[in-house]
Amino acid sequence: MSIQTEIDDLWQRYEDDELSADTAGSETLATLDAFLVALEQGEERAAEPVGGSGPDGWTVNEWVKRGILLNFGLRETTAREYGGVRYYDVLPLRQTTDLGQRGTRNTPDGTTIRRGAYLGSDCIMMSPSFVNVGAHVDDGTLVDSCDTVGSCAQLGKNVKLGANTLIGGVLEPVEDAPVIIEDGVSLGAGCRVTSGFHVGENTVVGENTLLSPRIPVYDLVEEEVLYGHLPSDRRAFTRYVESSLGDHDLFEGGAYKPAVVALDIEEDTLDSTRREEALRE
């Protein structure tokens, strides 16, 4: 029986109120542990590329999200200790003994990796930073200081997250796509990517940019307005555009709302990101 079949069976019993944290036995917990190991080894993931470009080039594995939810619903909250810190949670933190074998490093102290998270080869996690359950961080990616990678977020190869960057998590609804950052993306310090937003490969995003499906992306390359997606090979940054509330009496001088402007990526922008990448090696 495959791990997917076992998770599907447990989910059905959980939904039918036939299974709870009080009744889950050792066999059930062993299945949940095996599922987390499969996530940590990169054998399973919450979303995966299926070909094509843009958000349509990805599919969501709903059963994986259900497996993560089962790990919360079928486990008791217990006292735990890690690195001399006592805390309470349903899951222990992820063991990191496998990271060094792949050239991945997490600097002390305060790099926190939750169970069920995958880190590829030659990744760097600077302290403090946090990677949540179900996240997939691919080879060569930098998670800088004060960064958070949310549950089920998918980060491609050689992604650079600037300091104090938030990659939001999308665990529920299970059918919704998580945040997806394609290969080669560079996010400046203080960026926020939320609510299943998709960033195309090799795009460079200016610092303090908010990427959310609720904020329009003005793509000046294709001359179109997009929501929830920033195309590949762009240079993007925040600008403010006139709001529909601009004529309101309370807003003297007009009212404005944030937007994202996307241009063709320039060679000097690529040069600066290459120089920064060289400093990380």
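Please read all numbers here as calculations on a predicted model, not as lab measurements.

Conventions we followed
- Residues numbered from 1 in each chain as written.
- Predicted model: local features only at pLDDT ≥ 70, side-chain atom pairs only at ≥ 80, totals over all residues.
- Heavy atoms only, no water.
- Axes fitted to C-alpha atoms, helices over the stretch in contact; angles between N-to-C directions.
- Helix = DSSP H or I, 4+ residues; strand = E, 2+ residues; numbered from the N terminus.
- Parallel < 35°, antiparallel > 145°, perpendicular 65-115°, else oblique.
- Left-handed = near helix turned anticlockwise from the far one by under 90°.
- Contact = heavy atoms within 4.5 Å.
- Nonpolar A, V, L, I, M, F, W, Y, C, P; charged D, E, K, R; others polar.
- Pairing = 2+ DSSP bridges.
- Patch = residues over 30% accessible without salt bridge, like charges linked within 9 Å, V, L, I, M, F, W, Y side chains within 5 Å.
- Areas by Shrake-Rupley, 256 points an atom, 1.4 Å probe, with all protein chains shown as cover.
- Salt bridge = Lys/Arg side-chain N within 4 Å of Asp/Glu carboxyl O.
- Lys, Arg positive; Asp, Glu negative; His and termini not counted.
- Charge placed at Lys NZ, Arg CZ, Asp CG, Glu CD.
- Phe/Tyr/Trp six-rings, centres within 6.5 Å; stacked < 30°, edge-to-face > 60°.
- Buried < 20%, exposed > 50% of the residue type's maximum accessible area, 1.4 Å probe, protein only.
- UniProt positions renumbered as here; feature names shortened; annotations may be inferred.
- Core = buried A, V, L, I, M, F, W, Y, C linked by side-chain atoms within 4.5 Å.

We now examine the packing of helix α2 (residues 26–40) against helix α3 (residues 62–73). The axes of two packed helices give the description: the angle between them and the distance between them. Two elements in contact, α2 and α3, have axes separated by 10 Å at closest approach and are oriented at 125 degrees. As far as their axial angle goes, α3 and α2 are oblique. Read as a crossing pair, α2 and α3 show a hand that is left-handed. Counting all contacts with α2, which are made through Leu32, Phe35, Leu36 and Leu39, the residues of α3 involved are Trp63, Val64, Gly67, Ile68, Leu70 and Asn71. Looking at the contact of α2 with α3 residue by residue, the class counts come to eight nonpolar, two polar and no charged.

All right, on to the sheet that holds strand β20 (residues 204–205) then. Overall, mixed pairing links the ten strands, which are arranged β5-β8-β11-β14-β17-β20-β25-β26-β22-β23 in an open sheet. Either end of the sheet is taken by a strand with one partner, and the two such strands are β5 (105–106) and β23 (224–226). Taken together, the two bridges between strand β14 (residues 160–161) and strand β17 (residues 186–187) define a ladder with parallel strand orientation. Bridged to leucine 161 within β17 is leucine 187.

Glancing now at the pairing of strand β26 (residues 256–264). Pairing of strand β22 (residues 217–219) with β26 involves three bridges; the strand directions are parallel. Residue pairing in the sheet places valine 217 in a bridge with valine 260 of β26. In terms of strand pairing, strand β25 (residues 234–242) meets β26 through nine bridges, oriented antiparallel. Bridging from a neighbouring strand, arginine 234 pairs with aspartate 264 of β26.

Another point: the sheet that holds strand β21 (residues 210–211). Taken together, six strands build an open sheet; the order of strands is β6-β9-β12-β15-β18-β21 and the sheet is parallel. In this open sheet, the two edge strands, each paired with only one partner strand, are β6 (111–113) and β21. As judged from the three bridges shared by strand β9 (residues 129–131) and strand β12 (residues 147–149), these two strands associate in the parallel manner. Counterpart to valine 131 in the pairing with β12 is valine 149.

A contiguous patch of negative charge, built from Asp183, Glu201, Glu222, Glu223, Glu224, Asp233 and Asp264, is present on the exposed surface. Within the element layout of this structure, glutamate 224 appears in strand β23.

One pass over the structure, following the stated rule, counts two aromatic pairs. Aromatic side chains phenylalanine 35 and tryptophan 63 sit 6.0 Å apart centroid to centroid with 65 degrees between the ring planes, which places their arrangement in the edge-to-face category. Separated by 28 residues along the polypeptide, phenylalanine 35 in helix α2 and tryptophan 63 in helix α3 bring together distant segments of the chain. With respect to burial, phenylalanine 35 and tryptophan 63 carry one shared label: buried.

Attention shifts here to the UniProt feature "domain: Tetrahydrodipicolinate-N-succinyltransferase chain A" (unreviewed entry) in the protein. UniProt records the feature "domain: Tetrahydrodipicolinate-N-succinyltransferase chain A" (unreviewed entry) for residues 3–74 in the present numbering. Along residues 3–74 one finds 56% helix and 8% strand; the C-alpha atoms at either end are 16 Å apart.

Further remarks concern the nonpolar core. In globular proteins that are soluble, nonpolar side chains generally tend to be buried together. Ranked by internal contacts, the top residues of the largest apolar core, which has 33 residues, are Val131, Val149, Ile181, Leu187, Val193 and Leu230. Non-local contacts of valine 131, meaning those with residues more than four positions away in its chain, are made with Thr112, Ile113, Arg114, Ala117, Leu119, Met125, Val137 and Val149. If you look at the next biggest cluster of nonpolar residues, it comprises 23 residues, including Ile3, Val64, Leu69 and Val133.

Remark: helix α1 (residues 3–15) packs on α3, axes separated minimally by 9 Å, with the N-to-C direction vectors making an angle of 55 degrees. Classed by the angle they form, the pair α1 and α3 counts as oblique. Like other packed secondary-structure pairs, α1 and α3 cross with a definite hand, here left-handed. For the pair α1 and α3, the contacting residues are Ile3, Gln4, Ile7, Asp8, Leu10, Trp11 and Tyr14 in the first and Trp63, Arg66, Gly67, Leu69, Leu70 and Gly73 in the second.

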